[in-house]
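# Architecture and fold: a report
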Amino acid sequence: MTTLRFSVDNMSCAGCAGRAERTLAGAPGVKEASVNIANHMATVTGDVASITLRDALESAGYPARETVFRLSISGMNCASCTGRVERALEDMPGVLSANVNLGTQAASVTVLDGAVTADALAATITDVGYPAKAASNETPTAAPSEVPPLKRDTLIAAFLTFPVFLTEMGGHLYPPLHHAIMGSLGMQSFWVLQFVLITLVLAWPGLRFFRIGLPLLAKGSPDMNSLVALGTLAAWGYSTVATFAPSLLPDGTRAVYFEAAGVIVTLILAGRWMEARAKGRTGAAIRHLIGLRPDTVLLLREDVYVEVPLSEVKTGDVLKALPGARIAVDGVVTEGESFVDESMITGEPVPVAKHTGELVTGGTINGRKTLIYSATAVGSNTVLARIIDMVQTAQGAKLPIQALADRVVRIFVPVVLAIAVLTVLAWLSTGPSPALGYALVSGVAVLIIACPCAMGLATPTSIMVGTGRAAELGVLFRKGDALQRLDGAKVVAFDKTGTLTEGRPTLVDRFTAPGFDPKEVLTLTAATEQNSDHPIARAILAAAPTDVPAISDSETRPGYGLIAKIDGQTLAVGSVRHLTELGINTAPLGDAIERFSDKGHTLVCSAIDGTAAGVFAVADQIKPSAKPAIDALHEAGLKVAMISGDSSAAAEAIARQLGIDHVTAGVLPDGKVDAIKALRDQFGAVAFVGDGINDAPALAEAEIGLAIGTGTDVAIEAADIVLASGRVSGVVNAVDVSRHTMRNIRQNLFWAFAYNTALIPVAAGVLYPAFGILLSPMLGAGAMALSSVFVLTNALRLRNIAPAQQDTASPKFEEAPA
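The text that follows walks through the structure, step by step, so that each part is easy to find. Position numbers for residues count from 1 along each chain, tracking the sequence in the order it is written. Selection of residues for local features in this predicted model requires a pLDDT of at least 70, selection of side-chain atom pairs for listing and counting requires 80 or more, and totals for whole chains, interfaces and linings are taken over all residues. Neither water nor hydrogens contribute to the side-chain values; these are computed over all heavy atoms in the structure.

Only DSSP runs of H or I reaching four residues or more are called helices, and only runs of E reaching two or more are called strands; each is numbered from the N terminus. Its location among the elements puts Ser7 in strand 1 (residues 2-7). Among the residues examined, Ser7 registers a relative accessible area of 6% and is labelled buried. Note on contacts: a residue pair is in contact if any heavy atoms of the two residues lie within 4.5 Å. Discounting residues that sit within four places of it in the chain, Ser7 has contacts with His40, Met41, Ala64, Arg65 and Asp113. Think of it in three bands: with a 1.4 Å probe and only protein chains considered, a residue is buried below 20% of the maximum accessible area for its type, exposed above 50%, and partly exposed in between.

Here's what the structure looks like:
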């Protein structure tokens, strides 16, 4: 029976509180419930799961507020460790879900807000045997390195073990060495020396295995450390008895295996050292992102710029970025102009021009001129902090493909213990003499060679490296499982406006009737449109000279166009129908009208004093990166669709230019969801790419939603993946990273399962009856250490993923020195 206090949302009156209270009281297992409208807190006593309370309130319309805590954990070495920590967290009252990542040595825990603190969660994990502490969400930092202590322990173990290994194994390979040792020291003294050295190995650098593994074994929840502790203790214990109390052993079975215990500890420590170094490289992307923040910044105080720590900057402060310096926080330029390198955020190599009034992003690098800017976002609210949070969230996610490995790992160590016991019994009952020696060697080999570490690392390390590399390419996976879902996509659907096109109309073509001056027709047409705020009018005005004449009189005909008087001339500007209604002959423009219409352009016709003078084609231009991106998606075996609210003619014209397979035109904003469903029925899993508020429902409906980073916050929040560069080429890079990462994960899982499936029976001795082959525990330790290193090294190959498509449409800019 526990009591929980947590926050409840959407309550506006006492009636709401009463309904929420009755809902909680009616939940199974609840003994008492009360809800306080003043502080929006619920208090529940009973034997009930937190998820049950959350679901009950959700269905009643008063959702429980949720909080996510991040914890930094040390001492986890295998998938059994992560499973144990997850179960301990999920058993805590107030916890809704827990996700523990072996690769990042971190946990993400979702709780009922107010029910449990981060410190309480950390204390619970520490009590289980894995020291933990709450991680700051405000300023993410890199986890402390495990490399130095592991390197130290490995070198100490190797120094103490090497003399034993050299003399024991060297004596077998070179008999004169054995005879020399026996003649000078004697067998008993030699064994005592081995006992002293290997006992130091186990009690000093090897103590970590016993300190963690034995208490867990006593609690009935053994892990990888328990297997190593049992194996080395068995070899050391048997050897110790053979050295000091040989009469306790059957005749003919007196032998020592000190070198096996020492080499096992040394090799496993060496493997963990290499593993820790590889893990460090898997987190390089996060450390790189964190390193983009400068430690200090020049802040304006009393008309003087002073250097202060970054943590002192507040919204509204005026900051100075010297040439070549990093922009400290997000802001808006108030003085100066320069080019800023944003490649570390967007993945795009071309510097971006910044002038007064333009936004700058923290972590980017200023060019060769000084910029003064006002801080608009600091701390966890900056773009860089949100990117770090996205990447960390994605790296901590679990993919559906990992489910089988998790189920196996849950029972792996107990099964290995059972196999080791059966191996010993089988050798004792049926093995040749000395059966006890064979039983010990085979039982220890089974314990040592079994490796749940490789299974536990197979998925998270690939996710860490893959999502980190994606972030460097300007692709931000907000949800880790989007990696797997994008790999399974069959069709990529694009919203047209703002995604495939620039999102603003421009003048793309024009025709002037014989007898008229093209410049004069453009100038007079733009002058007629100068007071209109219609985007098409703005496009024509932008293409004309800046000094257009003034209008003396004008008349608007809604849906048709304008009539205006300029310098004594009468201008009629608008649709073809507008000129026809006025009795103006449009035949001189006929061929151009037909040609522009076939391309799907919007037409603006112009007549001067009753005579057709020209026709202008206005269109939302296709982004330069769109056609290469769509070609690359086709090469990847994907279908490409476009969803547009434009007319069929306009949409089909763009589709022909881009080579799009399927077009859904004339779609209203609320019809995009139905369009996604239709595409799913026809092709399969859908990835949708959009940028606007009206794209949010479609982004949520699709199996994978990709938001253009220059789009609205609503679209970005609804998406699984954010393309920070704002370019369509980011879609190709996202697909490429997804496919590389999933292929890497499958390789790792195959290795992990194949390794254990093949080598555990060999360690047990199944090859001995037919081939006389018996695996040494020392070889087993080496194989076990290398299996994890193989998985990590394979995952690290993802760091070399090259951009599947690099946008080169924008020119490089040169800048004069300040």
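The structure having been displayed, the exposition proceeds.
This brings us to empty space enclosed by the protein. Definitions used throughout: a 1 Å grid over protein atoms alone; a cavity as a set of points that fits a 1.4 Å probe which cannot get out; a pocket as an open set with protein on both sides within 12 Å along at least five of seven lines; a lining residue as one with an atom within 4 Å of a point. Grid points are joined across faces, edges and corners, and a volume is the space filled by probe spheres set on the points. The final tally for this structure, using the stated rule, is 3 cavities of 30 Å³ or more. Considering the residues around the largest cavity, the lining is formed by Asn77, Met224, Ile268, Gly271, Arg272, Glu275, Cys453, Met784, Ala785 and Ser788. Those elements that place two or more of their residues in the lining of the largest cavity are helix 10 (258-282) and helix 30 (777-796). If you tally residues by element for the lining of the largest cavity, the top one is helix 10, at 4 residues.

Next up on the list: the pattern of salt bridges. Any carboxyl oxygen of Asp or Glu that lies within 4 Å of a side-chain nitrogen of Lys or Arg is treated as forming a salt bridge with it. This structure, assessed with the given rule, holds 17 salt bridges. Note that Lys672 and Asp495 form a salt bridge whose closest N and O atoms lie 2.9 Å from each other. Placement of Lys672 in helix 25 (residues 672-683) and of Asp495 in strand 18 (residues 491-495) is noted, with a sequence separation of 177 residues between them. Three or more residues joined by partner-sharing salt bridges are found here, namely Asp9, Arg65 and Asp113.

So, on to the pairing of strand 11 (residues 330-335). Two elements, strand 11 and strand 16 (residues 371-377), share 5 bridges in a ladder whose sense is antiparallel. Bridged to Gly331 within strand 16 is Ala375. Strand pairing is defined by DSSP finding a minimum of two bridges between the two strands. In this sheet, strand 14 (residues 359-360) lies alongside strand 11 in antiparallel orientation, the contact comprising 2 bridges. The residue of strand 14 that forms the bridge with Gly331 is Val360.

It is worth spelling out the nonpolar core at this point. For our purposes a nonpolar core is just a set of buried Ala, Val, Leu, Ile, Met, Phe, Trp, Tyr and Cys residues, chained together by side-chain atoms within 4.5 Å. Membership of the largest hydrophobic core comes to 95 residues, with the highest contact counts inside it found for Leu71, Ile73, Leu89, Val109, Leu121 and Tyr130. Broken down by element, this core gets its largest block of residues, 10 residues, from helix 10. Setting aside residues no more than four positions away along its own chain, Leu71 makes contact with Leu89, Gln105, Ala106, Ala107, Val109, Ala118, Leu121, Ala122, Ile125, Lys133, Ala134 and Ala135. The next biggest cluster of nonpolar side chains, apart from the first, holds 51 residues, and it includes Ala394, Phe494, Val728 and Leu749.

When helix 22 (residues 590-598) is considered as a whole, its buried residues turn out to be Ala592, Ile593 and Phe596. All buried residues of helix 22 fall inside an arc of 100° around its axis, so they share one side. Away from its buried face by more than 90 degrees, helix 22 exposes Asp591, Glu594 and Asp598. Buried residues along helix 22 sit against strand 19 (501-512), helix 21 (576-581), strand 23 (602-608) and strand 24 (611-622). As used here, the arc belongs to the directions running from the helix axis to the C-beta atoms.

In terms of burial, strand 18 is largely enclosed, as 5 of its 5 residues are buried. Burial along strand 18 is two-sided: the face carrying Val491, Ala493 and Asp495 and the face carrying Val492 and Phe494 are both buried. The pairing of strand 18 with strand 25 (residues 639-643) spans 5 bridges and is classified as parallel. Following the sheet pairing, Phe494 is matched in strand 25 by Met642.

The next subject is the sheet that holds strand 9 (residues 304-309). Pairing is antiparallel in the open sheet, where 6 strands are placed in the order 9-8-10-16-11-14. In this open sheet, the two strands that pair with only one neighbour each are strand 9 and strand 14.

So, on to the side chain of Asn794. Here Asn794 shows up in helix 30. Counted as a polar contact is a pair of N or O atoms within 3.5 Å, where, for protein atoms, one must be capable of donating a hydrogen and the other of accepting one, and residues adjacent in sequence contribute only when both atoms are in side chains. Within the structure, the side chain of Asn794 is placed 2.9 Å from the side chain of Arg797, a separation counted as a polar contact.

The pairing test for Phe, Tyr and Trp rings, Trp by its six-membered ring, is centres within 6.5 Å, and the orientation test on the planes gives stacked under 30 degrees, edge-to-face over 60, and tilted for anything in between. Evaluated as defined, the whole model comprises 9 aromatic pairs. With a centroid separation of 5.0 Å and an interplanar angle of 80°, the aromatic rings of Phe195 and Phe244 are classed as edge-to-face. A residue pair is termed long-range when its members are at least 10 positions apart, and Phe195 in helix 7 (residues 187-203) and Phe244 in helix 9 (residues 224-244) qualify at 49 residues. Looking at Phe244, the relative accessible area reads 47%, which means it is partly exposed. With centroids separated by 6.0 Å and ring planes inclined at 35°, the aromatic side chains of Trp751 and Tyr755 adopt a geometry described as tilted. Highlighted residues: Trp751 and Tyr755, both in helix 28 (residues 729-764), separated by 4 residues, approximately one helical turn. On the basis of relative accessibility, which here comes to 30%, the residue Trp751 falls in the partly exposed class. Looking at Tyr755, the relative accessible area reads 5%, which means it is buried.

It is worth spelling out the packing of helix 16 (residues 452-472) against helix 28 at this point. Helix 28 packs onto helix 16 with a crossing angle of 165° between their chain directions and a minimal axis gap of 9 Å. Judged by the inter-axis angle, helix 16 sits roughly antiparallel to helix 28. The two elements helix 16 and helix 28 cross, and the hand of that crossing is right-handed. For the pair helix 16 and helix 28, contact is made by Ala454, Met455, Ala458, Thr459, Thr461, Ser462, Ile463, Gly466 and Ala470 and by Val737, Thr741, Asn744, Ile745, Asn748, Leu749, Ala752, Phe753 and Asn756, respectively. Taken together, the residues of the contact of helix 16 with helix 28 break down into 10 nonpolar, 8 polar and no charged. Fitted lines through C-alpha atoms give the axes, limited to the stretch in contact for helices. The angle between two N-to-C directions lies from 0 to 180 degrees. Should an angle fall under 35 degrees it is called roughly parallel, over 145 degrees roughly antiparallel, and 65 to 115 degrees roughly perpendicular, with every other angle called oblique. Each crossing is labelled by how the near helix is turned from the far one, with a counterclockwise turn of less than a right angle marking it left-handed and a clockwise turn marking it right-handed. Three classes are used, and their members are as follows: Ala, Val, Leu, Ile, Met, Phe, Trp, Tyr, Cys and Pro are nonpolar, Asp, Glu, Lys and Arg are charged, and the others, Gly among them, are polar.

For the rest of this paragraph, the subject is the environment of Lys623. Assignment of secondary structure puts Lys623 in the loop between strand 24 and helix 23 (626-635). For Lys623, a relative accessible area of 9% corresponds to the buried category. A sequence separation of 595 residues divides Lys623 from Pro28, and the C-alpha atoms of the two residues are 57 Å apart. Other than its neighbours up to four places away in sequence, Lys623 contacts Gly498, Thr499, Leu500, Thr501, Glu502, Ile708, Gly726 and Val728.

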